[in-house]
Amino acid sequence: MSNRVALNSSDHQARAIKHESVADALFARQEEWSTVCYFYASLHRVQAALVDDPIFQDPLRLQQKSRLLKPADRFCDSHTGFFRPGGIKSWGLNELVRLLYRDISVPYEALYINSIHVRYENGPALSLERLKAHATDIKIAFQQRRLIAK
């Protein structure tokens, strides 16, 4: 985790709404950069869910998910994790979504990968309609409080 102050759940939700608003405006113009904004709206919904997820208040449940998972990992701020010197695991949001929120792992990964395609390659591999649908699936899961580790 960096030295930045971690946002709380409400802050993440506000950021998600802001990014989604920009995404919708870009999507209306069929602009590929809507993909990046939909991804970051989804990322902030995941971060809000992680901050509030009760599993991080229960060390036994955390250890049952992974012996490497710690309460502070809910505040991770990188996309992918890595091993730090001394063999300490750093979690990324992608790994936490796969581990804790399997129901949205496919749409989240698709948004992540396609946002990279927009930023660094020749644009998204999936249609903008499909990518917006993925973001909507994540939004609905968040709103229905389904982003809670089982």
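All of these numbers come straight from a predicted model, not from anything done at the bench.

Counting secondary structure elements, the protein chain contains 6 helices and 2 strands. In sequence order, the secondary structure elements of the protein chain are arranged as α-α-α-β-β-α-α-α. A compact globule built from 150 residues should have a C-alpha radius of gyration of about 15 Å, and the protein chain, at 15 Å, falls within 12% of that. Expressed along its principal axes, the backbone C-alpha trace of the protein chain runs to roughly 50 × 35 × 30 Å. Per-residue burial for the protein chain yields a buried fraction of 45% across its 150 residues. Long-range contacts, defined as pairs at least 24 residues apart, comprise 58% of the intrachain contacts of the protein chain with a sequence gap of at least 6.

Attention now goes to the nonpolar core. Grouped together as the largest cluster of nonpolar side chains are 35 residues, with contacts concentrated most on Leu50, Leu69, Leu100, Ile104 and Tyr108. Broken down by secondary-structure element, the contributors of at least two residues to this core are helix 1 (9–28), helix 2 (34–52), helix 4 (93–100), helix 5 (105–120) and helix 6 (128–143). Examining the composition of this core, we find that 8 residues originate from one element, helix 2, more than from any other. Apart from residues lying up to four places away in sequence, Leu69 is in contact with Phe56, Leu62, Gln63, Trp91, Leu96, Leu99 and Leu100.

Okay, the side chain of His12 next. As for its position among the elements, His12 is in helix 1. With a relative accessible area of 6%, His12 lands in the buried category. Once residues lying within four places of it in the same chain are set aside, the contact partners of His12 are Leu7, His44, Gln47, Ala48 and Val51.

A separate point is the packing of aromatic side chains. Applying the stated criterion across every chain, the model contains 4 aromatic pairs. Consider the rings of Phe27 and Tyr38, whose centres lie 6.4 Å apart with planes at 65°: the pair is edge-to-face. Of this pair, Phe27 sits in helix 1 while Tyr38 sits in helix 2, and the two are 11 residues apart along the sequence. On the accessibility criterion, Phe27 (15% relative accessible area) is buried. Tyr38 gets classed as buried once you look at its relative accessible area, which sits at 2%. Ring pairing ties together the aromatic residues Phe39, Tyr40, Tyr108 and Tyr112, which thus form one cluster.

Definitions and limits used
Residues numbered from 1 in each chain as written. Predicted model: local features only at pLDDT ≥ 70, side-chain atom pairs only at ≥ 80, totals over all residues. Heavy atoms only, no water. Helix = DSSP H or I, 4+ residues; strand = E, 2+ residues; numbered from the N terminus. Rg over C-alpha atoms; globule rule 2.2 N^0.38 Å. Buried < 20%, exposed > 50% of the residue type's maximum accessible area, 1.4 Å probe, protein only. Contact = heavy atoms within 4.5 Å. Core = buried A, V, L, I, M, F, W, Y, C linked by side-chain atoms within 4.5 Å. Phe/Tyr/Trp six-rings, centres within 6.5 Å; stacked < 30°, edge-to-face > 60°.

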